[in-house]
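So you can see what is in the structure, the chains are spelled out below.
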Amino acid sequence: MSHSRHFLTVGELQLHFRFAGSGAPLVLFHACPKSSAEQVPLLERLAKRFSVYAFDLPGYGDSDPLPIGQPEIADF
C-alpha cells in the first residue's frame, strides 16, 4: 500500500505528514533526530487496518523548525 504526503499549517509553522489507510486513526511519531521517512514500512503495514498519520516533528524532515533556539521536549 502506498502513502501520500501532506502539509498542515499550525500557527505560522508548516508541518509535514504522511498518510495511508482507512479506519480508526493512528498517529506515529519518529525518533529524534530522524523523520517520518523511517516510519514508512510500519505506516504501510498498519494502513491495512487504520488511518495512519506519520508526522515530521518541528525542525525534522520537511517540517518547519520551532521559532526558538534550543527547544525542550515540552516545546514539541
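Counting of residues starts from 1 at the beginning of each chain's written sequence and follows it residue by residue. The predicted origin of the model limits local features to residues at a pLDDT of at least 70 and limits the giving and counting of side-chain atom pairs to 80 or more, whereas totals for whole chains, interfaces and linings rest on all residues. To obtain the side-chain values, all non-hydrogen atoms of the structure were included, while hydrogens and water were left out.

1. So, the overall build of the chain
Quick reminder of the rule: Strands here mean DSSP runs of E at least two residues long; helices mean DSSP runs of H or I at least four residues long; both are numbered from the N terminus. Between the two quantities, the radius of gyration covers C-alpha atoms and the globule rule is 2.2 Å times the number of residues to the power 0.38. Throughout, exposure labels follow a simple rule: accessible area from a 1.4 Å probe, protein chains only, divided by the maximum for the residue type, with under 20% read as buried, over 50% as exposed, and the rest as partly exposed. The contact criterion used is simple: two residues touch if any of their non-hydrogen atoms lie within 4.5 Å.
In terms of regular secondary structure, the chain is built from one helix and four strands. For the chain, the sequential pattern of α-helices and β-strands runs β-β-β-α-β. The C-alpha atoms of the chain give a radius of gyration of 13 Å, which matches the 11 Å a tight globule of 76 residues would have. C-alpha atoms of the chain, sized along the principal axes, occupy 40 × 20 × 20 Å. Scored against the burial criterion, the 76 residues of the chain give a buried share of 30%. A sequence separation of at least 24 residues applies to 57% of the contacts in the chain between residues at least 6 apart.

2. Focus on the pairing of strand β2 (residues 13–21)
Rules: Pairs of strands are assigned from DSSP output, requiring at least two bridges between the strands.
Judged from the seven bridges that link them, strand β1 (residues 4–10) and β2 form a sheet pairing that is antiparallel. Bridge pairing links Ser 4 to Phe 19 in β2. Connecting β1 to the next strand, β2, in antiparallel fashion are two residues, including Gly 11 with a positive phi near 65°. Across five bridges, β2 lies against strand β4 (residues 50–55) in antiparallel orientation. Bridge pairing in β4 links Phe 19 to Tyr 53.

Nothing here speaks to function; it is geometry throughout.
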